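# Structure assessment
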Amino acid sequence: MTIDLSVLAWGCILGILHIFIAVRFKTRQYGTKWNVGARDEALPPPNPIVGRLARAQANFFETFPIMAAAILIVTVADLEDRSTAIGALLWLGARIVYLPLYAAGTPVVRTIAFLVSIVGIALVLRPALVGSL
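Read on for a plain summary of the structure. Remember, it's a predicted structure, so these values are computed and weren't measured experimentally. (Residues numbered from 1 in each chain as written. Predicted model: local features only at pLDDT ≥ 70, side-chain atom pairs only at ≥ 80, totals over all residues. Heavy atoms only, no water.)

Quick look at unusual backbone geometry now. In this structure, aspartate 78 is a non-glycine residue whose phi angle is positive, near 55°. Looking at the secondary structure, you find aspartate 78 in the loop between helix H3 (48–76) and helix H4 (82–104). The exposure class of aspartate 78 is exposed, given its relative accessible area of 61%. A positive phi is found at valine 108, a non-glycine position, where the angle reads about 60°. With respect to the element layout, valine 108 can be found in the loop between H4 and helix H5 (109–131). (Helix = DSSP H or I, 4+ residues; strand = E, 2+ residues; numbered from the N terminus. Buried < 20%, exposed > 50% of the residue type's maximum accessible area, 1.4 Å probe, protein only.)

Set out below in structure tokens:
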């Protein structure tokens, strides 16, 4: 299996972590009854970390499908190379550090981590885009 596809698999695991970490903190605030219930009731505003984890999760799931598509495109077209592997690893590394940075409320560095992940996506997509011109 290529590095790109391995990164995609680890990205799936990271997505699951986002879900479980966010719900763990939300359950801590709203209780187990809320977690196992229908979740129909209106809730008070989330505390800061619950809100940050929800936003980090949303951000991950906004960009993960793009990365997944990028990796699948270069894999199907047999365009994987060193730059796509570097891009995939950059994306994964940046997304891993993004979660605790966002949870901690760290400004600027969190945005830099996000931008590094976007550069990673661009590196993966580059061979597909350059080859199509």
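Picking up after the structure, the text goes on.
A surface patch of nonpolar side chains, about 690 Å² in accessible area, is lined by Trp10, Ile13, Ile16, Leu17, Ile19, Phe20 and Phe61. Here the element with the most residues in the nonpolar patch is helix H1 (residues 3–30); it accounts for 6 residues. One can find tryptophan 10 in helix H1. Here tryptophan 10 falls in the exposed class, since its relative accessible area comes to 56%. (Patch = residues over 30% accessible without salt bridge, like charges linked within 9 Å, V, L, I, M, F, W, Y side chains within 5 Å. Areas by Shrake-Rupley, 256 points an atom, 1.4 Å probe, with all protein chains shown as cover. Salt bridge = Lys/Arg side-chain N within 4 Å of Asp/Glu carboxyl O.)

Taking 1.5 Å of rise per residue, 28 residues should cover 40 Å, and H1 covers 40 Å from first to last C-alpha, within 8% of that figure. Of the positions making up H1, those classed as buried are Asp4, Val7, Leu8, Gly11, Leu14, Gly15, His18, Ala22, Thr27 and Tyr30. On its buried face, H1 is in contact with helix H2 (32–36), H3 and H4. Once H1 ends, the next one or two residues include glycine 31, with phi positive near 100°. (Expected span 1.5 Å × (residues − 1). Contact = heavy atoms within 4.5 Å.)

Now for the side chain of aspartate 4. Tracing the backbone through its elements, the reader meets aspartate 4 in helix H1. Arginine 82 provides the closest opposite charge to the buried, unpaired aspartate 4, separated from it by 11 Å. The contacts of aspartate 4, once residues within four sequence positions are left out, are Ile71, Val74, Glu80, Thr84, Ala85 and Ala88. (Lys, Arg positive; Asp, Glu negative; His and termini not counted.)

By size, the foremost hydrophobic cluster in this structure holds 16 residues, and its most contacted members are Val7, Met67, Ile71, Trp91 and Val124. Those residues in contact with valine 7 that lie beyond four places of it in its chain are Ile71, Ala88, Leu89, Trp91 and Leu92. (Core = buried A, V, L, I, M, F, W, Y, C linked by side-chain atoms within 4.5 Å.)

Turning our eyes to something else, we now look at the packing of aromatic side chains. The final tally for this structure, using the stated rule, is 7 aromatic pairs. Between phenylalanine 60 and tryptophan 91, the aromatic rings sit 6.1 Å apart at their centres with planes inclined by 35°, giving tilted as the arrangement. Of this pair, phenylalanine 60 sits in helix H3 while tryptophan 91 sits in helix H4, placing them 31 residues apart in sequence. Neither phenylalanine 60 nor tryptophan 91 differs from the other in exposure class; each is buried. In this structure an aromatic cluster arises from ring pairing among Phe60, Phe61, Phe64 and Trp91. The ring of tyrosine 102 has arginine 110 sitting right over it, with the charged end atom 4.2 Å from the ring centre. (Phe/Tyr/Trp six-rings, centres within 6.5 Å; stacked < 30°, edge-to-face > 60°. Lys NZ or Arg CZ within 6 Å of the ring centre and 35° of its normal.)

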